[in-house]
Structure formats: C-alpha cells, structure tokens
Amino acid sequence: MSFESREGLLHAEAVPLTAIAERVGTPVYVYSASMMRARYAELDAALTGSRHQLCYAVKANSNLSVLRLFAGLGAGFDIVSAGELQRVVSAGGDPARVVFSGVGKSSEEIDFALKHAVGCFNIESGGELVRLAERARLLGKKANVAVRVNPDVDAKTHPYISTGLKENKFGVPAEQALELYAAIRADMHLNALGIACHIGSQISSVQPFAEALDNLLVLVDTLETQGVSLGHLDIGGGLGISYQNEPCLDAAVYGSTLTQRLANRDLTLVIEPGRYLVGEAGLLLTTVEYLKPRPTHEHKNFAVVDAAMNDLIRPALYRAWHPVTRVTPPAPGLEPRPWDIVGPVCESGDFLAEDRRLALAAGDLLAISAAGAYGMVLSSNYNSRSRPAEVMVHGDSFQVVRRRETLRDQMALEQPDERCAARP
Ligand SMILES: *Cc1c(COP(=O)(O)O)cnc(C)c1O
C-alpha cells in the first residue's frame, strides 16, 4: 500500500509524513508515484483484450510531474483547454495521443491544438464542427474528429458530475451525430476518426459503461452502412474510487465487460480516466491550529486546521467525504470526541470533514486522504491564501514538485492604479 501506518506513524510509501511536514510545512499535497503507476498498470492490464489507449484526464491533477509520470508509461491525455495541452507538451507528452474534449473550445484553442497536431478533437456541437473546419482550412490542416455523443444513460452519480443524460449540456444526441458525420465526410479538412462519450464521474458500477458502449456501437454500425468506418471508440472516463469504503470500480470487470463487446471489431478502445489514476494516490497534509470544543453542543466541536476550502473544495462543493486520520499516535489519555474539521476561511461552508471521532490536540498533523484528484486543480487564492505545495514521493525519498505559493506570487499580476490612491 502507498499510505500506511508503520509503528503508529503514517507513511507515504517509505517516507514518514512528519518528515514532509517538517521540511515543506503544511498544508501540502503528497502524492505516491508508485500508486499512480500501479493504477495505470492495473487498467492497462484489464484492457489487454482490445487494442486500446489510456488517455489520462489532465483536469483531475495537472501537475507537470504527474503528467510526466503518465507520459513515461505511454499514456495519451484527455485535455479540455489550451492550458492543459501546453502542460502535456511541457511534460513531454505526445500530442498525437491527445484527445481534446470540452463544449466551449475557442478559436485560439483550436488553432493551438491544430498547430500541435493533436490526435483527435472530440466535438460537441454543430457550431463547433463548423468552426473547427474553418480554422483547419485557414491553417491548411486536416483535423481528426470524433463526435461526442450523449448516450442518455444514467451514471447514478452526483448530479454535478453526471454528464450523460439528455438534459446535460454535454455531447449531441445520436440522431444529430449522424448528421455531423455526414458533414465531416463532406469536408476535406476533417477526418472522421472516432466516436466518443463521457457519462459522468465517480461511477462505481460497470453497467452504465456497458450501456453507453452498446448505444455507441449501434451508431458505429449505422455509420458503417453509410460508408463511414471509424478507427476508435472513446468511452470517456468516470471510473469511481473509494472515499468512504464504498466499492471502488472493479478494473478487471470493467475491462472485460468493454473488451468483450469489442471482440471481432476493428476499433481501438480509448478511455479517459482521471480520478481513478490519481485520486487515492494523493492526500492533503494539514496541522491542527486550534480546538474549539463546545461543552453544550456535544456534536459540534470544531478543530480549526491550516488547510481550507481554497485548498480542497470538494467537501464544500459536493459535500464530498474524505477520510481524516491522525499522522502520529495521540498523546496518552487524550479522549476521542466528534470533531468538525474546518479551515480558516470566512465561510460556514469551509469544512473539510464533519463529525469525525478523533483524539485531537493543537499541533497535531492530520491526513485528508483520497485527495489526489480534483484537489490542487480546484484550489484558489480565496481569502488571499497562498496555494499549498505539492510533493511527489518515490519509495524512501520525496521531492517538492510545486513550491508553496508566496505572497509575492499572489500579487505578481496586479498593477496598482495610481489614480485610485488620489483624492478626486
Ligand atoms: C472529467 C472528464 C474525464 C475524467 O473524469 P474522471 O471521473 O476523473 O475519470 C474524462 N473525460 C472527459 C470528457 C471529462 O470531462
């Protein structure tokens, strides 16, 4: 395991988390390189039944070292902006293995991606297809295209992260997809390379993926009768992980379910996992600043820590549940009681966890687990707080892969308006 207690002291691989806190300070995100590699290898092995390409969804964690790690394993990347493409390129990723997703690609982003010759544009509307064709014509390029179809399946996940239902803004309905493929075919600057979908995030059962795949295969067959022969089928990401002991998606069952359906077909299976590859491979390390026990409210005691919603917004945004554990054993005789773990930000929604039974004292180190995905990438400077550092652990050594932001960093882009200082 990657995060384990050894003689009462929580470690990241072979590094005690106390050593990281001493050297780097808190709050700090800590990642396990070996766990990221293990998750990748597990999915890759589960898909051996098919020709396949894993495209890591950059938005889950876009740290350059994380991208470099996956590039080194042969991963492609699923991106949603020019910024993510630049990160992939800077990290040594291969643009030919990039799929460009997203409902609102700007002309500048499309041009940037065309110049880098990304592997495929996953297009989500007729308007976007027209714009892509025009940009490709102007630049004298030919763009590979997949239409992102909305397969109208219920991923049975949180409404904010469910994307495959008719009422969501993502993708196009099946009927419209056929029209778009006809338009692609008629345009010499476009090439119909594949078909795509993405039904949501944190999906714990295989069944919605199977349903979506079956719906896409019906379209693949219809297109075939129209003389359009596709090279790949991109089933998207969304593989669920374990936050609160819920069952993690079974990679082997997921793999065999998908690859069986693709047997005897000349299609490369593309998947776009984000959370699954990095979520459980990261934690947020934080220090207890103050305790506010409340004798009259047995169940509302507050432990104020040095991390906050600006560092990890998932609990505040989705009421997401993250495990919270002590890094060191509690002092002898310290009684456990229920605590809300809250940050210093001036919002009542600023909590990292609610009602956790822990024996706590000021100065204690806590680990907020399963924070490797949608953690640092969603951080902000709210309350003018500097964003945390990020550390990558390899066995018994670790490296700061992003230094803590400074106050100078925070203000670097601003130019004080002198007229605002003068009296009118
Ligand atoms: C967010 C997203 C992903 C990754 O989702 P996870 O739940 O992190 O696996 C993949 N593809 C697309 C198009 C996305 O928007």
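Here the structure is a predicted model, which is why all the values come from computation and not from measurement.

Calculation criteria
Residues numbered from 1 in each chain as written. Predicted model: local features only at pLDDT ≥ 70, side-chain atom pairs only at ≥ 80, totals over all residues. Heavy atoms only, no water. Helix = DSSP H or I, 4+ residues; strand = E, 2+ residues; numbered from the N terminus. Rg over C-alpha atoms; globule rule 2.2 N^0.38 Å. Buried < 20%, exposed > 50% of the residue type's maximum accessible area, 1.4 Å probe, protein only. Contact = heavy atoms within 4.5 Å. Areas by Shrake-Rupley, 256 points an atom, 1.4 Å probe, with all protein chains shown as cover. Lys, Arg positive; Asp, Glu negative; His and termini not counted. Charge placed at Lys NZ, Arg CZ, Asp CG, Glu CD. Pairing = 2+ DSSP bridges. Core = buried A, V, L, I, M, F, W, Y, C linked by side-chain atoms within 4.5 Å. Domains from an automatic or database assignment. Phe/Tyr/Trp six-rings, centres within 6.5 Å; stacked < 30°, edge-to-face > 60°. Lys NZ or Arg CZ within 6 Å of the ring centre and 35° of its normal. Right-handed = clockwise from strand over helix to strand, strands pointing away. Buried area = accessible area lost by both parts, 1.4 Å probe. Polar contact = N/O pair within 3.5 Å; in protein donor to acceptor, adjacent residues only side chain to side chain. Nonpolar A, V, L, I, M, F, W, Y, C, P; charged D, E, K, R; others polar. Axes fitted to C-alpha atoms, helices over the stretch in contact; angles between N-to-C directions.

A. Summary view of the overall build of the protein. Helix and strand content of the protein: twelve helices and 20 strands. For 424 residues, the compact-globule formula gives about 22 Å, and the C-alpha radius of gyration of the protein, at 23 Å, lands near that figure. With respect to the three principal axes, the spread of C-alpha positions in the protein is 75 × 65 × 40 Å. In the protein, buried positions account for 52% of the 424 residues. Pairs at least 24 apart in sequence give 70% of the contacts found in the protein among residues at least 6 apart. In the form shown here, the protein has an accessible surface area of approximately 18,800 Å², with 52% of it arising from carbon and sulfur atoms. Each charge sign in the protein was given a centre, from 41 positive and 49 negative side chains, and these centres are 4 Å apart.

B. Quick look at the sheet that holds strand S1 (residues 3-6). Taken in spatial order, the three strands make up an open sheet running S1-S2-S3, and their pairing is antiparallel. The sheet terminates laterally at S1 and strand S3 (15-16), the two strands that pair on one side only. For S1 and strand S2 (residues 9-12), the ladder comprises four bridges, and the chain directions are antiparallel. Looking at S2, one finds that Arg6 is bridged to Leu9.

C. Looking closely at the nonpolar core. By size, the foremost hydrophobic cluster in this structure holds 101 residues, and its most contacted members are Phe70, Phe121, Tyr181, Leu233, Ile235, Tyr254 and Ile341. When residues of this core are sorted by domain, at least three fall in each of domain 1 (3-30 + 279-411) and domain 2 (102-271). Filtering out sequence-adjacent residues up to four positions away, Leu233 remains in contact with Ile195, Leu213, Leu216, Leu217, Val220, Leu267, Thr268, Leu269 and Val270. Judged by nonpolar contacts, the second largest core, of 19 residues, contains Val15, Val24, Val327 and Val391.

D. Summary view of the packing of aromatic side chains. Applying the stated criterion across every chain, the model contains six aromatic pairs. Aromatic pair Tyr29 and Tyr31: ring centres 6.3 Å apart, planes at 20 degrees, arrangement stacked. Clustering of aromatic rings is evident, with ring pairs tying together Tyr40, Tyr56, Phe70 and Phe77. Above the ring of Tyr276, the side-chain terminus of Arg39 is found at 4.5 Å from the ring centroid.

E. Fine view of the pairing of strand S12 (residues 268-271). Alternating residues of S12 divide into Thr268 and Val270 and Leu269 and Ile271, and every residue in both groups is buried. Relative to S12, strand S5 (residues 52-57) runs parallel, the two sharing three bridges. In the sheet register, His52 faces S12, and the bridge partner there is Leu269. In this sheet, S12 lies alongside strand S11 (residues 232-234) in parallel orientation, the contact comprising three bridges. What sits directly across from His232, in S12, is Thr268. In this fold, S11 hands off to helix H9 (residues 251-262), which returns the chain to S12; that crossover is right-handed.

F. Layout of the domain arrangement of the protein. Domain parsing of the protein yields domain 1 (3-30 + 279-411) and domain 2 (102-271). Put simply, the middle of domain 1 and the middle of domain 2, counted by C-alpha atoms, are 36 Å apart. Contacts between the two partners involve nine residues from domain 1, matched on the other side by eight residues from domain 2. Taken together, both faces of the contact between domain 1 and domain 2 bury some 810 Å²; the carbon and sulfur share is 61%. The three residues of domain 1 that bury the most area against domain 2 are Glu280, Tyr318 and Trp321, which together make up 61% of that side's buried surface. Linking domain 1 with domain 2 are one residue pair in polar contact (both at pLDDT 80 or more), by the criterion used here. Broken down by class, the residue content of the side of domain 1 that touches domain 2 amounts to five nonpolar, two polar and two charged.

G. Quick peek at the sheet that holds strand S8 (residues 120-123). Strand order in the closed barrel formed by eight strands is S5-S6-S7-S8-S9-S10-S11-S12, with parallel pairing between adjacent strands. Here the strands of the sheet are splayed against their neighbours by 30 degrees on average, with no regard to which way each runs.

H. Fine view of the side chain of His198. The residue His198 is located in the loop between strand S10 (190-196) and helix H8 (207-225) in this model. A distance of 3.4 Å separates a polar atom in the side chain of His198 from the backbone oxygen of Gly200.

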